[in-house]
There are 2 protein chains.
Amino acid sequence: MLFAKPLAELIAQLEKLPGVGPKSAQRLAYHILRLPDDEVRALAASLLHAKESLRLCESCQNISQEVRCEICSDTRRDPHVLCVVGEPRDIAAIERLNQFKGLYHVLHGLLSPMEGIGPEQLKVRELIHRLRDNVSEVILATNPTIEGDTTALYLAKLIKPIGIKVTRLAHGMPVGGELDYADSATLLSALEYRREI
Amino acid sequence: MLFAKPLAELIAQLEKLPGVGPKSAQRLAYHILRLPDDEVRALAASLLHAKESLRLCESCQNISQEVRCEICSDTRRDPHVLCVVGEPRDIAAIERLNQFKGLYHVLHGLLSPMEGIGPEQLKVRELIHRLRDNVSEVILATNPTIEGDTTALYLAKLIKPIGIKVTRLAHGMPVGGELDYADSATLLSALEYRREI
């Protein structure tokens, strides 16, 4: 036996986390054993508290403490523009810009026939349901990947016939990037999305 | 507010762990929220259980569930040879070899004047105390770093006058390495430690 049983159990639990291999699970476990008692209790409590007290916002499906999340409850925001993202973490990325003042909709995944993820596994029905509420534009902000593009295309086909404007985040050169190093798919997109200056 | 409060708290707790930056703390937190309730409870319980039920072995200072650890309690092992390591995790590395049959001693750190770590911060007194019990050899298996070498030198000076054999793990080329890529300190050590074949 390399490790005392409770230590082996802790390592096994930590190894289940994404991006934590056997080696880093061991390092984390030894680190945790060296922490003061109250810090370990605080970590354990925050795990349980987050899991117990958080739910999905009934409107946008973002992670929320209340029935409706803070963004959906904010009356200063424009409810006529919906920004559709794949994951809750994508909202943080856009909110950090301090630019978008509409509301969000989280799909909780992207279409992936390879992994058997169809529209019914995503929060698509909930999105369509929200479109009745006077929505004037849907911005499709799914990742610029095969799954993200497939999802955007699928949603566009679904939403445009209703008569709502559908837009997609631009693909193009990342700011500060070099043409020489850009992959050809990105460069091709940058060319397609070109704009008069 | 980018995150609901319990989520922000969980992210803050996870960020304190070594090797977990803001980005991976977010990814871990979202992953944890997607886990089934009982898996999160199992993770939290293993944190608390490990912290509460583990202590240091009174003899070798390794992490242990009992007053004396499994290795020190194993009567088939040779109590006359002590292998001195910096951290508990180093024991696992040596045990995996299935070669060493003596006992260990964990210093819980290495000498580092830069960080103000002197012999009194390490389990040195406990080591010297154990040497009374008929120890014939002390193998210094601290890391081949400045701190590890300093610690080994310090212990050698302390132990050799007692009349106990003191050895140090060999420095040299890692197996499978290429001369061309070896740093000169390693190559120099390999030359010094050369052996007739």
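No experiment lies behind these values; they were computed from the predicted model shown. (Residues numbered from 1 in each chain as written. Chains lettered and ligands numbered in written order. Predicted model: local features only at pLDDT ≥ 70, side-chain atom pairs only at ≥ 80, totals over all residues. Heavy atoms only, no water.)

Enquirer: Would you mind going over the pairing of strand β6 (residues 165–168) of chain B in detail, with residue names and values included?
Expert: Residue and element names in this part refer to chain B. Relative to β6, strand β5 (residues 137–140) is paired through four bridges, and the arrangement is parallel. Bridged to L140 within β6 is R168. The β-α-β motif built from β5, the intervening helix α7 (residues 146–159) and the parallel element β6 has right-handed crossover chirality. (Pairing = 2+ DSSP bridges. Helix = DSSP H or I, 4+ residues; strand = E, 2+ residues; numbered from the N terminus. Right-handed = clockwise from strand over helix to strand, strands pointing away.)

Enquirer: Could you give an account of the relation of the copies chain B and chain A, naming the residues involved and the relevant values?
Expert: Laying chain B over chain A is done by rotating through 180° and shifting 0.1 Å along the axis; what remains is an RMSD of 0.2 Å. The superposition of one copy onto the other is thereby described by a two-fold rotation axis. The position closest to the rotation axis in chain B is occupied by the C-alpha of B:A44, lying 2.3 Å away. Mapped onto chain A, 100% of the interface residues of chain B again fall at the interface, so both copies present the same surface. (Least-squares fit on C-alpha atoms with pLDDT ≥ 70 in both. Contact = heavy atoms within 4.5 Å.)

Enquirer: Mind laying out the nonpolar core, listing which residues take part and the relevant values?
Expert: In terms of nonpolar packing, the biggest core is built from 46 residues, with A:L7, A:L14, B:L7 and B:L14 touching the most fellow members. For this core, the secondary structure elements donating two or more residues are α1 (5–15), α2 (22–34) and α3 (37–53) of chain A together with α1 (5–15), α2 (22–34) and α3 (37–53) of chain B. Sequence-distant contacts of B:L14, that is, excluding residues within four places in its chain, are made with A:L43, B:V20, B:A25, B:L28, B:A29 and B:I32. (Core = buried A, V, L, I, M, F, W, Y, C linked by side-chain atoms within 4.5 Å. Buried < 20%, exposed > 50% of the residue type's maximum accessible area, 1.4 Å probe, protein only.)

Enquirer: Go over the pattern of salt bridges with me, naming the residues and quoting the values.
Expert: Enumeration according to the criterion identifies 12 salt bridges over all chains in this entry. For the salt bridge of A:R76 with A:D74, the shortest nitrogen-to-oxygen distance reads 3.1 Å. Taking the relative accessible area as the measure of exposure, A:D74 reaches 21% and is therefore partly exposed. Taking the shortest distance from any N to any O, the salt bridge between B:R68 and B:E58 comes out at 3.6 Å. Here B:E58 lies in the loop between β1 (55–56) and β2 (63–64) and B:R68 lies in the loop between β2 and α4 (70–73), a separation of 10 residues in the sequence. Overall, the relative accessible area of 37% leaves B:R68 in the partly exposed class. (Salt bridge = Lys/Arg side-chain N within 4 Å of Asp/Glu carboxyl O.)

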